[in-house]
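Per-entry structural report
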Amino acid sequence: MVKQVPDSQEVVIDPVTMNLNRSLTRNVTNRADENALEAALQIKDRTDAHVTVVSMGPPQAETTMIECLARGADRAILASDRFFGGADTYPTGLTLAATIKAIGKFDIIFAGEETSDSSTGHVGPGVAEFLGIDQITYASKVEYKDGFVTAERELEDGTEVVKVPTPVLVTVLLNSNVPRRQTLRRKIDAIRQGFESWDHDKVGLQPEWVGVRGSPTIVRKMRPIKEKERAAKKVDIAGIPDLVKELYQKGVIKVESD
Amino acid sequence: MEIEEKLALLNYKTDPEYEHITINPKICETCPDHFCTFACPAKCYTLIEGRINFKYEDCVECGTCDVACAHGSVMWTNPKDGHGIKYKFG
Amino acid sequence: MSEFDVIVVGAGPAGSSAAIKMASQGLKVLLVERGDPVGSKNVSGGILWGNDLAAIIPDWEKSAPLERYVERKVTSFLTGDSEIAIDFKTKKFQEKKTGYSVLRTRLDSFLARKAAQAGAMVVTGVTVDSLAMKDGRVIGVVNEGETITADCVILAEGPNPRVAMAAGLVGKPNDRTVGIGVKHVYKLGENVINERFNLRGNAGFAGEYVLSFLEGDVYAGGFLYTNKDTVSMGVVINMATLRKNGNTHSFDIMEKFAQHPFISSLVEGGQLQEYSAHFVYEGGYEDMPRAYGNGYMLVGDTAGFSFSNGMILQGMNYAISSGILAGEAAIEARKDNDFSAESLSRYQKKLDNSPAVLDKKNFQGISNVVWSPMVHRAIPALLESSLYSMLYESGKPKKHLSQIMMKSLKSSGMNSKDLMVQGYRLMRRM
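Residues numbered from 1 in each chain as written. Chains lettered and ligands numbered in written order. Predicted model: local features only at pLDDT ≥ 70, side-chain atom pairs only at ≥ 80, totals over all residues. Heavy atoms only, no water.

1. Side note on the overall build of chain C
The condition that has to hold: A helix here means a DSSP run of H or I that spans at least four residues, while a strand means a run of E at least two residues long, and both kinds are numbered starting from the N terminus. For the radius of gyration, the atoms used are the C-alpha atoms, and the globule rule reads 2.2 Å times the number of residues raised to 0.38. Here, residues are in contact when the closest pair of their heavy atoms is within 4.5 Å. Computed with a 1.4 Å probe, the accessible areas rest on the Shrake-Rupley method; for each residue, only the protein chains presented here act as cover. Charge assignment in this entry is limited to Lys and Arg as positive and Asp and Glu as negative, and neither His nor the chain termini are counted. Charged groups are reduced to one reference atom each: NZ for lysine, CZ for arginine, CG for aspartic acid, CD for glutamic acid.
Assigned secondary structure in chain C consists of 16 helices and 19 strands. Against the globule reference of 22 Å for 430 residues, chain C gives a C-alpha radius of gyration of 23 Å, in line with a compact fold. A sequence separation of at least 24 residues applies to 72% of the contacts in chain C between residues at least 6 apart. For chain C, the computed accessible surface area is about 17800 Å², with 51% contributed by carbon and sulfur atoms. Charge separation in chain C, taken as the distance between the mean sites of 48 positive and 45 negative side-chain charges, equals 6 Å.

Spelled out as structure tokens, the structure:
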């Protein structure tokens, strides 16, 4: 499961309206989802797995679908319908789960740990719940053997290794691997192959269950948080001692004594 | 405004696997001018304790260093797979 | 059988123009761009001169993402304390547009979209590693060890053509053929720009500057162009004098230009949005590579098509026109089913009669003049001291202009014969 998101390095808040200024923001594939795809492709490298990419989003998510095919996915399906618009994480999970169900049999579902535009981390676990399958969250390493997935989970106080029988959903940590490159050959083939666009009918959901109508979240009020004054600064290795001194003097960092 | 602050405005998609420009430290050791440190508009080349330090992560792919280095130390290629600088205006 | 008729490497104005032309005539075209999205690697000062796009996009003045049309053109000498400028404004540019300021991320993605609409396959985010060769001819491109075949490859890589260089089709750039371009984009807002530059509607300001205040005999030119709600400001630094100086940072020259009192006031209150750099092609007619060969053609900056005579900096217009001509040549070669060097020499013939080559030819040696001590030091010093002496009311009896100029000339370190000779050369070359 992947999502196209605004490039987090380019998100600009309009200082007057306090809205997200999307006019200059370009869309990219959510970075953790690239790691999820890579984790799936690594299993494909060692087995005869078939990798299908599933996403929900507007038609411009096409570039993400083609990119995933060009990195090595076998099939790409974009759940795209105006009824899906305005969804919170609940109908998003429902829509993706229904899409996956409609595709048929599967062993492992991979998702990024969270998306950079909303950072809830709800959708992956939500899909597992809708499908009634087990889930492994925040995995850094995923192996598959004889019907079992073994994954390392990065926790605050260490690493946990879990072994779960398939079918299972795994959410993959950001930067836990290096996504393979798209190649010209694969990208040409991806464009020729194309992706599938599924509407609510094909996914098998009623319009009132999805999108804004299917979203239990009601945004009552949005309040801008007064931004602290921030300054960007890049320093060389040689400049680190001065920077630490400056941060200390400004009270940003403190010296802790035992 | 300092160059470091200007570079901090930029959007890079850094390739963790491929350094598209590399230098030959042996050649740099004997370099009499270190013109790269003056020519590079992104301050990727700095002289630290007599040694050239090169950061490909800050590179804006302008091509200057390849011409600036008259001693054949710079191996210049384009980043791969859409990595590197991503200008918003251009 | 090749997979494509033509592969175009690089989706800048040259590559996309070639792709639009060819795809609209039914050729099977692959346009490969390493930036993702298109345009994200590209920088230019920012004025698109001329009307070349009309040949492939008839309504380009309405549909293309143009910022402002040039109504006011300033050519200026900046000394430490003074600015001496020719400020040319004309209603004629209002009726017949001569140039538009553009931002490349927007223009280039527009052109690539047009290429896709015309039927070209557009691939972004993939870097071509090299040309595929067989029996002395180009048969396609290589990426990650895999060859994609085509009857012809058009190289539109810009001024730093790594694929063409690796194949030995163009020479390695050097101090004489490139300058270092550095640029700032400021957000100022539409109304502020209109007020500050005395503009209305989508009229725009284009300024070019000789930075004669730089210490240590480093030569650089500056530019300042208005966009819709932003301002593009930048410098082009002469590589040879920067090297000779050996003690000045390119990024400091940009900052010094931005800090000049008569420049900084123009962007006061503006927020720096972007810092960018790219080297600028400055080679002359004699540096131009042969633009065609067995199975390939070179277009735009890769073929050496950019031009500056001190009054005007051009590149994108030649990129577009050379791209269209290469496209025409490919269409004709497809009809003849012959992409040999002999067949593609028709591209060179088309070029030879076009402004892209003729401007280069007719202004041979101009860069020696543009980057001369006379332009960068003597003339501005002479103008500054003469104007100052004429205009400063000292309370003493006034002198004749000729007396003032002779005195200023003496202090500028040139003699009148030098000035006459070099001045004549400048006029002739321009």
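So much for the structure itself; the text now carries on.
2. Thoughts on unusual backbone geometry
How we decide: With a 1.4 Å probe rolled over the protein chains alone, any residue whose accessible area is under 20% of its type maximum counts as buried; one over 50% counts as exposed, and the rest are partly exposed.
Omega for the peptide link from T166 of chain A to P167 of chain A comes to 0°, which places this bond in the cis form. Residue P37 of chain C is reached from D36 of chain C by a cis peptide bond, and omega for that bond is 5°. Here P37 of chain C is to be found in the loop between β2 (29-33) and β3 (47-49). Positive phi outside glycine occurs at Y138 of chain A, with the angle close to 50°. Among the structural elements, Y138 of chain A can be located in strand β8 (residues 134-145). According to the relative accessible area criterion, Y138 of chain A is partly exposed, its value standing at 34%. A positive phi is found at H34 of chain B, a non-glycine position, where the angle reads about 50°. With respect to the secondary-structure elements, H34 of chain B resides in the loop between α2 (25-29) and α3 (36-39). Classification of H34 of chain B by relative accessible area gives buried; the value is 13%.

3. Some thoughts on the interface of chain B and chain A
Inclusion rule: Buried area: the accessible surface (1.4 Å probe) lost by two parts on joining, summed over both. By salt bridge we mean one thing: a side-chain nitrogen of Lys or Arg within 4 Å of a carboxyl oxygen of Asp or Glu.
Taken together, the contacts link 21 residues of chain B with 16 residues of chain A. Taken over both partners, the interface formed by chain B and chain A buries close to 1800 Å², and the fraction arising from carbon and sulfur atoms is 46%. Connecting chain B to chain A are three salt bridges. As a salt-bridge pair, K86 of chain B and D7 of chain A come within 3.2 Å of each other at their nearest N and O atoms.

4. Overview of a nonpolar patch on the surface
Residues and elements named next belong to chain A. Quick reminder of the rule: Only residues whose relative accessible area exceeds 30% and that take part in no salt bridge are eligible for patches, with like-charged residues grouped when within 9 Å of each other and nonpolar side chains (Val, Leu, Ile, Met, Phe, Trp, Tyr) grouped when within 5 Å.
On the surface, V235, I237, I240, V244, Y248, V252, I253 and V255 cluster together into a nonpolar patch covering about 740 Å² of accessible area. Position of V255 among the secondary structure elements: in the segment after α7 (240-249). Take V255: its relative accessible area is 67%, and that puts it in the exposed class.

5. Some points on the interface of chain C and chain B
By a frequent convention, interface size equals the accessible area lost on bringing the separate parts together. Heads up, the rule is: Within 3.5 Å is the distance limit for a polar contact, defined as a pair of N or O atoms, with the added protein rule that one can donate a hydrogen and the other accept it, and that residues adjacent in sequence qualify only through two side-chain atoms.
Tallying the contact residues gives 49 residues for chain C and 36 residues for chain B. Buried surface at the junction of chain C and chain B, both sides included, amounts to about 3700 Å², of which 54% is carbon and sulfur. Run the count over chain C and chain B and you get six salt bridges. Taken together, the connections running from chain C to chain B amount to 30 residue pairs in polar contact (both at pLDDT 80 or more). Mapped by element, the contributors of at least two residues to the side of chain C that touches chain B are α4 (104-117), α5 (162-166), β11 (178-187), α7 (239-245), α8 (250-259) and β15 (271-281) of chain C.

6. A word on the packing of aromatic side chains
The criterion, for reference: Each Phe, Tyr or Trp ring, with Trp reduced to its six-membered ring, pairs with another whose centre is within 6.5 Å; inter-plane angles below 30 degrees give stacked pairs, above 60 give edge-to-face pairs, and intermediate values give tilted ones. Consider the ring centre and the ring normal. A charge sits over the ring if Lys NZ or Arg CZ is within 6 Å of that centre and within 35 degrees of that normal.
Throughout the structure, instances matching the rule amount to ten aromatic pairs over all chains. Relative to Y100 of chain C, the ring of W60 of chain C lies with its centre 5.6 Å away and its plane at 80°, an arrangement referred to as edge-to-face. Here Y100 of chain C lies in strand β6 (residues 99-101) and W60 of chain C lies in helix α2 (residues 60-63), a separation of 40 residues in the sequence. Assessed through its relative accessible area of 2%, W60 of chain C is described here as buried. Judged by its relative accessible area of 7%, Y100 of chain C falls in the buried class. Grouping aromatic residues by their ring pairs yields a cluster made of F307, Y318 and F363 of chain C. The ring of Y18 of chain B has K80 of chain B lying over it, and the distance from NZ or CZ to the ring centre is 5.1 Å.

7. Regarding the nonpolar core
The following threshold applies: Definition of nonpolar core: a set of buried residues of the types Ala, Val, Leu, Ile, Met, Phe, Trp, Tyr and Cys, connected through side-chain atoms within 4.5 Å. Domain limits in this description derive from either an automatic procedure or a database domain assignment.
Counting 155 residues, the largest nonpolar core has Y45 of chain B together with I7, M22, L30, I154, M297 and Y347 of chain C as the members making the most contacts within it. Per-element accounting of this core gives the leading share, eleven residues, to helix α10 (residues 316-336) of chain C. For this core, the two domains that each supply at least three residues are domain 1 (4-66 + 100-172 + 284-363) and domain 2 (178-281) of chain C. Judged by nonpolar contacts, the second largest core, of 31 residues, contains A61, A70, L78 and V162 of chain A.

8. Quick notes on the sheet that holds strand β7 (residues 108-112) of chain A
Residue and element names in this part refer to chain A. How we decide: The rule for pairing is simple: two strands pair if DSSP sees at least two bridges between them. Fitting a line to C-alpha atoms yields each axis, with helices limited to the stretch in contact; the angle taken between N-to-C directions then spans 0 to 180 degrees.
Judged by pairing direction, the sheet is mixed, and its five strands sit side by side in the order β7-β11-β8-β9-β10 without closing on themselves. Two strands close off the open sheet at either side, each with one partner strand: β7 and β10 (158-165). Going across the sheet, the axis of each strand differs from the next one's by a mean of 45°, ignoring polarity. Together, β7, β8 and β11 (168-172) form the strand contacts of helix α4 (residues 123-131), whose direction differs from that of β11 by roughly 175°.

9. Section: the domain arrangement of chain C
All names here are of chain C. We count it as follows: Under the scheme applied here, ten amino acids are nonpolar (Ala, Val, Leu, Ile, Met, Phe, Trp, Tyr, Cys and Pro), four are charged (Asp, Glu, Lys and Arg), and all others, including Gly, are polar.
For chain C, the domain assignment lists domain 1 (4-66 + 100-172 + 284-363), domain 2 (178-281) and domain 3 (372-429). Its C-alpha centre places domain 1 at a distance of 28 Å from the equivalent point of domain 2. Contact residues are listed per partner, giving 20 residues for domain 1 and 15 residues for domain 2. Taken together, the two surfaces of domain 1 and domain 2 that pack against each other cover about 1500 Å², and 60% of this comes from carbon and sulfur. In this assembly, domain 1 and domain 2 are joined by zero salt bridges. On the surface where domain 1 and domain 2 come into contact, there are five residue pairs in polar contact (both at pLDDT 80 or more). Tallied by class, residues from the side of domain 1 that touches domain 2 come to nine nonpolar, seven polar and four charged.

10. Points about the pairing of β10 of chain A
All names here are of chain A. For strand β9 (residues 148-155) and β10, the ladder comprises eight bridges, and the chain directions are antiparallel. Each residue of the ladder has a partner; that of E152, found in β10, is V161. Following β9, the chain reverses through two residues before pairing antiparallel with β10.

11. Considering the packing of helix α3 (residues 89-103) of chain A against α4 of chain A
Packed helices, taken two at a time, are described by their axes: the angle between them and the distance between them. Residues and elements named next belong to chain A. We count it as follows: Roughly parallel covers angles under 35 degrees, roughly antiparallel covers those over 145, roughly perpendicular covers 65 to 115, and oblique covers all other angles. Take the far helix as your reference; a near helix turned counterclockwise from it by less than a right angle gives a left-handed crossing, and one turned clockwise gives a right-handed crossing.
Two numbers describe how α3 lies on α4: the axes approach to 8 Å, and their chain directions differ by 55°. Taken as axis vectors, α3 and α4 run oblique relative to one another. Note that α3 runs across α4; the crossing there is right-handed. Judged by residue contacts, T89, Y90, T92, G93, L94, L96, A97, I100 and K101 of α3 engage V123, V127, F130 and L131 from α4. Each residue belonging to the contact of α3 with α4 can be placed in one class, and the counts come to nine nonpolar, three polar and one charged.

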